[in-house]
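# Structural overview for review
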Amino acid sequence: MITIQGKGASTGVAIGPLYYYQRAKSTIRRYQIDDTEAEWARFKAAQEKAIEQLGELAEKARVEAGDEAAMLFETHQMMAEDMDYEEAIQAAIQEEKHNAEAAVTDTAAQFADMFATMDDPYMQARAADVKDVSNRIIGILTGVVQGGINSPVPVILAADDLAPSETVQLDKSKILGFVTEGGSGSSHTAILARTMGIPAIIGVGSQMKPEYEGREVILDGNTGNVVVEADEATKARLLLKMEEQKKQQELLNQLKGLPNETKDGHQIRVYCNIGSPDDVPAVLKNDAGGVGLFRSEFLYLNCDDYPSEEYQFEAYKKALSDMGGREVVIRTLDIGADKQIGYFNLPHEENPAMGNRALRVCLNRPEIFHTQIRALYRASAFGKLSIMFPMVTSVWEVREAKKMCDRVKKELTEEGIHFDEDVQVGIMIETPAAALVSDRLAKEVDFFSCGTNDLTQYTLACDRQNDDLGRFFNPHHLAVLRELKMVCDNAHKNGIWVGICGELGADLKLTETFLAIGIDELSVSPRAVLPLRQKIRETNVAAVKDKIIADLLSDEGAIVG
Amino acid sequence: MKSFEYTITDPVGLHARPAGVLAKEAKKYTSIISITKGEKTVDARKLMAIMGMGVKQGDTVTVTIDGPDEETVAPIIETFFKENF
């Protein structure tokens with residue numbers, strides 16, 4: 001087994017024989033010509049033919065990969081008829097008496113050089129376009145057809161780097177995935193692979209060797225791994241991953257656009273947990289209704305010093321606008337305990353889970369909190385924002401946090417900065433204290449979201465990171481479920497909504513219980529959205545509700561307490 | 001002769017496709033349309049020369065329209081710049 005590390009440019013797993021892209025030989029004959037007019041006419045005919053082919057390719061690309069891919073070939077058409085390009089070729093033919101193939105080759109090199117030496121990466125990448133267009137004209141002049149895939153079975157296609165016209169002309173039914181030696185994430189191969197929905201791994205360099213041709217390889221576009229002749233265990237693992245992705249895709253085809261509605265007509269919102277604006281595409285791809293937990297810690301973890309208001313504003317704004325008006329619940333800074341950041345200089349604690357963390361840090365260090373709340377309200381003008389405070393235990397903490405929101409709103413009004421007046425403010429319920437006083441907390445906020453990881457750890461006084469405590473750490477414990485029911489009841493009595501954003505939300509064994517106690521929203525990782533939707537659609541709440549509630553309240557019975 | 005100044009707002013600058021459309025557009029008119037950045041002036045009909053100028057976001061260029069139909073062409077070209085660059 002040989003493992004090669006490249007860069008994943010399009011996700012997915014594929015398995016198949018490796019096949020090297022066959023390229024037409026690019027060596028051309030050079031000779032002096034006598035009849036310059038005839039040679040010029042020969043070039044003009046080839047140029048016309050190339051423009052015609054590019055027009056056809058543009059249409060093919062439009063159907064297969066969309067308008068953007070089509071535009072590329074339209075640009076190529078324009079390059080083929082560029083005045084300077086044409087004049088340079090004309091001069092080479094008519095004045096220097098070069099044959100058309102040589103004239104095109106030399107002119108292409110000259111223009112490609114001009115682009116390659118520019119200091120802008122976008123323009124540098126255009127060098128490949130000039131060569132691609134020129135190779136097409138040369139191909140027509142010499143009568144050599146561009147190489148394709150000469151294999152009876154579908155293959156993993158390897159190449160140094162594929163030109164856009166090469167990619168679009170390939171027989172798609174023969175390709176399972178791409179591996180290229182060079183290339184960047186924004187290269188045409190990568191873009192087309194993503195649109196086609198097949199894996200691509202780029203930048204493997206010289207690790208890929210021609211002698212691997214014909215051997216079985218597995219591509220994992222998520223990790224950028226190329227495995228040649230995988231051993232049994234690796235193969236089994238990757239095949240399982242491929243199977244899972246296939247299932248996910250099937251679920252998507254089946255369930256996309258359908259409501260999260262039970263058999264008896266009860267609807268529930270399914271949202272996603274994310275850690276940065278980069279996760280938004282996965283949220284949309286899995287058809288979630290919104291973001292139920294946006295962890296803002298990444299902004300702080302990515303910096304060497306406190307992130308500025310502007311930096312935070314841009315990140316929140318991006319997530320909100322990319323979500324296109326769907327709700328995004330952003331949780332304010334949650335550090336301390338297992339998440340430490342050097343520049344905060346938080347003193348070492350003997351018992352960090354019980355220590356200076358999350359909202360406590362924010363209330364103790366109002367200047368940090370102020371920056372974040374300002375960035376959030378400014379971003380609220382660009383989408384549907386909700387703000388959520390983590391690690392609440394008392395009513396006064398919530399009031400103090402809300403005071404900060406009021407202060408910021410007043411400042412922004414005075415400064416004439418636009419923000420959304422209707423931003424919802426909510427809290428996480430992740431301590432037993434918050435659950436027990438949730439009737440009072442409900443009067444202070446617009447929503448609750450239960451963080452079941454911490455709620456379980458604090459309720460059961462059990463460290464979830466301690467491997468020796470596995471059998472003591474039970475998120476299905478009656479105490480946790482009773483707390484959730486209590487929180488639900490208190491929320492609904494006060495007319496506010498309640499969600500779950502901990503890992504438990506995606507636990508399909510508890511979906512019926514959550515529906516029975518009246519949870520309004522479940523926020524889960526993007527890949528868990530569709531399995532959850534499927535489970536919800538199979539459930540009949542009315543039929544199971546009474547029994548589940550009775551079990552929760554019973555002093556003996558099925559649920560472990 | 002008519003001319004206007006324009007500051008590029010597109011993050012990629014004078015990139016390939018709109019520059020190509022501009023080149024095509026420029027061929028339709030009798031007037032010669034040229035783009036000047038600093039000391040360099042190029043004919044707007046020449047796609048690769050325009051791209052070769054390396055005009056970036058934030059750069060200001062002067063666009064000149066010179067010929068019998070300049071009165072009609074100038075506003076069309078100005079709108080084109082606003083919409084595409």
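Look up a bit, the structure's there.
Heads up: these notes are all about the structure in this document. (Residues numbered from 1 in each chain as written. Chains lettered and ligands numbered in written order. Predicted model: local features only at pLDDT ≥ 70, side-chain atom pairs only at ≥ 80, totals over all residues. Heavy atoms only, no water.)

### A word on the pairing of strand E9 (residues 269-274) of chain A
All names here are of chain A. Threshold: Using a 1.4 Å probe on the protein chains alone, a residue whose accessible area is under 20% of its type maximum counts as buried, one over 50% counts as exposed, and one in between counts as partly exposed. By the criteria applied, helices consist of DSSP H or I runs no shorter than four residues and strands consist of E runs no shorter than two, each listed in order from the N terminus. Following DSSP output, two strands are said to pair if at least two bridges run between them.
Of all six residues in E9, five are buried, a share of seventy percent or more. The sheet contact formed by E9 and strand E16 (residues 521-524) spans four bridges and is parallel. Residue Val270 lies in a different strand from E16, and its bridge partner there is Leu522. The pairing of E9 with strand E10 (residues 291-295) spans three bridges and is parallel. Directly across from Cys272, in E10, lies its bridge partner Val291.

### Structural notes on the interface of chain B and chain A
Going by this rule: Residue contacts follow a heavy-atom distance rule, with two residues in contact if any of their heavy atoms lie within 4.5 Å. Buried area adds together the accessible area that both of two parts lose upon being put together, with accessible area traced by a 1.4 Å probe. We define a salt bridge as a side-chain nitrogen of Lys or Arg found within 4 Å of a carboxyl oxygen belonging to Asp or Glu. Pairs of N or O atoms within 3.5 Å make up the polar contacts considered here, provided that, within protein, one atom can donate a hydrogen while the other can accept it, and that residues adjacent in sequence are counted only when both atoms are side-chain atoms.
In this complex, chain B contributes 19 residues to the contact, which on the side of chain A involves 21 residues. A combined buried area of about 1,800 Å² lies between chain B and chain A, and 69% of that area is made up of carbon and sulfur atoms. For chain B, the biggest contributors to the area lost against chain A are Arg17, Met48 and Met51 of chain B; these three give 39% of the whole. Summed over the shared surface of chain B and chain A, the number is two salt bridges. Note that Asp84 of chain A is salt-bridged to Lys46 of chain B, the shortest N-O span being 3.1 Å. For the interface between chain B and chain A, the tally reads four residue pairs in polar contact (both at pLDDT 80 or more). Secondary-structure elements contributing two or more residues to the side of chain B that touches chain A are helix H1 (16-27) and helix H2 (47-52) of chain B. Looking at the side of chain B that touches chain A, the element that brings in the most residues is H1 of chain B, giving six residues.

### Details of the nonpolar core
Worth spelling out the cut-off: Definition used in this section: a nonpolar core is a set of buried Ala, Val, Leu, Ile, Met, Phe, Trp, Tyr and Cys residues joined via side-chain atoms within 4.5 Å.
In terms of nonpolar packing, the biggest core is built from 88 residues, with Phe344, Tyr377, Phe389 and Phe448 of chain A touching the most fellow members. In this structure, Phe448 of chain A is in contact with Ile427, Ile429, Ser438, Leu441, Ala442, Val487, Ala491, Ile496, Trp497, Val498 and Gly499 of chain A, ignoring residues within four places of it in sequence. In this structure, Val133 and Ile137 of chain A together with Ala16 and Met53 of chain B belong to the second largest nonpolar core, which totals 57 residues.

### Describing helix H14 (residues 395-415) of chain A
All names here are of chain A. Note the cut-off: A helix is expected to span 1.5 Å multiplied by its residue count minus one.
Over its 21 residues, H14 runs 31 Å from end to end, which matches the ideal 30 Å to within 8%, given 1.5 Å per residue. Of all the residues in H14, the buried ones are Val395, Glu397, Val398, Ala401, Met404, Cys405, Val408, Glu411 and Leu412. As for H14, its buried residues are in contact with helix H12 (359-364), helix H13 (366-379), strand E12 (384-389), strand E13 (424-429) and helix H16 (438-441).

### A look at the sheet that holds strand E1 (residues 2-5) of chain A
To summarise the sheet geometry, strands pair through backbone hydrogen bonds and adopt either a parallel or an antiparallel arrangement. All names here are of chain A. Note the following rule: Axis geometry follows a simple rule: fit a line to the C-alpha atoms, using only the stretch in contact for helices, then measure angles between N-to-C directions, giving values from 0 to 180 degrees.
Taken in spatial order, the eight strands line up as E1-E8-E7-E3-E4-E5-E6-E2 in an open sheet, and their pairing is mixed. What marks the edges here is a single partner per strand, and that holds for E1 and strand E2 (7-10). Direction aside, neighbouring strands of the sheet carry axes that sit 30° apart on average. Alignment of strand E4 (residues 155-159) against strand E5 (residues 175-180), held across five bridges, turns out to be parallel. Residue pairing in the sheet places Leu157 in a bridge with Phe178 of E5. Relative to strand E3 (residues 13-20), helix H8 (residues 232-255) is tilted by about 115°, and along the sheet it contacts E3, strand E7 (216-220) and strand E8 (225-228).

### Overview of the packing of aromatic side chains
Each pair of aromatic rings is reported with the distance of its centres and the angle of its planes. Condition: Whether two aromatic rings pair depends on their centres lying within 6.5 Å, for rings of Phe, Tyr and Trp, where Trp uses its six-membered ring; planes under 30 degrees apart make the pair stacked, over 60 edge-to-face, and the rest tilted. Put simply, a charge is over a ring when the Lys NZ or the Arg CZ is close to the ring centre, within 6 Å, and near the line of the ring normal, within 35 degrees.
Scanning all chains against the criterion turns up 16 aromatic pairs over all chains. Note on Phe313 of chain A and Phe382 of chain A: the rings are 5.9 Å apart at their centroids and 65° apart in plane angle, and the pair reads as edge-to-face. Taken together, the residues span a long stretch of sequence, with Phe313 of chain A in helix H11 (residues 309-322) and Phe382 of chain A in the loop between H13 and E12 at a distance of 69 residues. In this structure Phe382 of chain A comes out as partly exposed when scored by relative accessible area, which is 36%. Each residue in the set Phe4, Tyr6, Phe80, Phe81 and Phe85 of chain B is aromatic and connected to the rest through ring pairs, giving one cluster. Of note, Arg269 of chain A hangs over the ring of Trp497 of chain A, and the distance from its end group to the ring centre comes to 4.4 Å.

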